[in-house]
Amino acid sequence: MVDDLQAEATRVLQRLVRFDTVNPPGDERSAQEWLAGYLERAGLAVSLLGAEPERPNLVARLKGTGDGPTLCLLSHMDTVLATPSEWTHDPWSGDEADGFVWGRGALDMKSQTAAEAVAAASLARSGWRPRGDLLVVCVVDEETGGRLGAQWITQNHPDEVRCDYLLNEGAGEVIPYDGRRLYGVSCAEKGVFRFALRTHGVAGHASMPRMGDNALLKLGPILDRFRTGQPGVDLTDPPLAFLRAIGEDPEDAAGAVARIAEHEPRLAAFVEANLRVTFTPTMASASAKINVIPSVAELRVDCRTPPGLGEDDARRRLVEILGEDGYEVEFVEHTVGNGSPVESPLMMAIEEWVGQEDPDGLVVPTMLPAFTDSRHFRAAFPDLVAYGFFPQSHQSLFDAFPLVHSADERIDVRDLGLATRFFADVSRRMLD
Ligand SMILES: [Zn+2]
């Protein structure tokens, strides 16, 4: 049974990788139709619903026998682009070699699509029926923000995808740490409040520096304060629970980050970003001509806020670093992050499964500094418990992360089998 599931998930993943679903343009229809056929043959009721005919979202339902919660296994079919010349195996080959399936989407996230679909199909074929409904939902258009995918389907067909519990991408790769094996469950996602910061001066001829008032030079001290300054901590539940789980004191966040860094600097960078509002200047511009002193200079700053915090919170933390004067700020993106409770029956089911599969494993709540489709589902269904979890025990977070959106993306087939067993197991635990 175990090996059968792994072999089937491997075949399904290979097939899905061979559909080019690079977004833009996405063009997910052929892949979605293939997956629809696979799930229908297993006995699920499938519909394809899209704002555009070439980009349908897939909703497959294994109808429940009575009253019970509905569990949704979510994924997306689109991928980012790939440059074949940089790859060992062609990115759309789906080759199985050296114990891996290779290709764009092998981690992000056709692997999870395959594991979820094979888990649901095997349960359906076995004759098992849930109390509530089991949903397999595979959306389009995630990599460019979900407008035609998760956002569209939750707003236009909420009854088709309404659920009480949801599993999606976002965490689950094992994190080796201080002799332990941490399995992250992503409970929340940060918001995005990017802004333009401008300084002003007076234009003049560059041949006489003191004739004007150079706005660009005023960015210098501001950049330096971004380099050395650190806004105060805005602690939310997932990082709080994470620090407690690994035995650190959340009251002493700075000390905790320093101690984590002694064991694993890469984990410390991740934890630190989740403790506060972050500001990362990424673009700068000033004069359009080399011989003209600029009257305006502009920085573009990528700002991420802990879930629930908004523009006012970002401004308050910015003033902490820069002071009030000498610049103006215009926010160009307003996305409030959201999250789910760190304690729930779904978290318990994950803990029980990890306890069985990996007795040295420790389940820890985590938070993503970016956002996924879970954000759209939480916004549509306020009582929903949505987590990111795709267990991988052979490829660690530090193995997998550099391959996502990069060359030679690949998944260990043993992890594909592990994840497929997980999705079958958690469905039974939640819906039996
Ligand atoms: Zn993804």
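What you see is a predicted model, and the numbers here were worked out from it, not measured in a lab. (Residues numbered from 1 in each chain as written. Predicted model: local features only at pLDDT ≥ 70, side-chain atom pairs only at ≥ 80, totals over all residues.)

In this section: helix α3 (residues 110-125). Taking 1.5 Å per residue as the helical rise, α3 with its 16 residues ought to reach 22 Å, and the 22 Å between its terminal C-alpha atoms agrees with that figure. With 15 of its 16 residues buried, α3 lies for the most part within the structure. Looking one or two places after α3, you find Gly127, whose phi comes out positive at around 90 degrees. (Helix = DSSP H or I, 4+ residues; strand = E, 2+ residues; numbered from the N terminus. Expected span 1.5 Å × (residues − 1). Buried ≥ 20, exposed ≤ 12 C-beta atoms within 10 Å, placed from the backbone.)

Each assigned domain of the protein chain is listed with its residue range as follows: domain 1 (2-177 + 341-431) and domain 2 (190-331). Contact residues are listed per partner, giving 11 residues for domain 1 and 15 residues for domain 2. Contributing elements (two or more residues each) for the side of domain 1 that touches domain 2: β8 (174-177) and β17 (361-368). With six residues, β17 is the single largest residue contributor to the side of domain 1 that touches domain 2. (Domains from an automatic or database assignment. Contact = placed C-beta atoms within 7 Å.)

Our next topic: unusual backbone geometry. The amide bond that connects Asn23 to the next residue, Pro24, takes the cis arrangement and shows omega of 0 degrees. Cis geometry marks the peptide bond from Pro24 to Pro25; its omega dihedral reads 5 degrees. On the secondary structure map, Pro25 appears in the loop between α1 (2-17) and α2 (29-42).

A separate point is the packing of helix α8 (residues 253-263) against helix α9 (residues 265-274). The geometry of α8 relative to α9 is characterised by a closest axis approach of 6 Å and an angle of 155 degrees between their N-to-C directions. The angle between α8 and α9 places the two elements in the roughly antiparallel class. Residues Val257, Ile260 and Ala261 of α8 pack against Pro265, Leu267, Ala268, Val271 and Glu272 of α9. Among the residues making up the contact of α8 with α9, the classes are represented as seven nonpolar, no polar and one charged. (Axes fitted to C-alpha atoms, helices over the stretch in contact; angles between N-to-C directions. Parallel < 35°, antiparallel > 145°, perpendicular 65-115°, else oblique. Nonpolar A, V, L, I, M, F, W, Y, C, P; charged D, E, K, R; others polar.)

Two elements in contact, α2 and α3, have axes whose closest approach is 8 Å; the angle formed by their N-to-C orientations is 25 degrees. Considered as vectors, α2 and α3 are oriented roughly parallel to each other. Of the residues in α3, those touching α2 at Leu35, Tyr38, Leu39 and Ala42 are Ala117, Ala120, Ala121, Ala124 and Arg125.

This next bit is on α8. Looking at α8, one finds that the buried residues are Ala253, Ala256 and Ile260. Seen along its axis, α8 keeps its buried residues to an arc of 60 degrees; they face one direction. Opposite the packed face of α8, turned more than 90 degrees from it, sit the exposed residues Ala254, Gly255, Ala258 and Glu262. On its buried face, α8 is in contact with α7 (237-245) and α9. (Arc of directions from axis to C-beta.)

Here we come to the pairing of strand β3 (residues 71-76). Taken across its six residues, β3 has six buried, putting it largely inside the fold. On β3, burial covers both faces: Leu71, Leu73 and Ser75 on one face and Cys72, Leu74 and His76 on the other are all buried. Sheet topology note: the β3/strand β6 (residues 134-139) ladder contains six bridges and is parallel. Counted as the bridge partner of Leu73 is Val136 from β6. Summarising the sheet, β3 and strand β7 (residues 165-168) pair through three bridges and their orientation is parallel. Within β7, the position partnered with Leu73 by the bridge is Leu167. (Pairing = 2+ DSSP bridges.)

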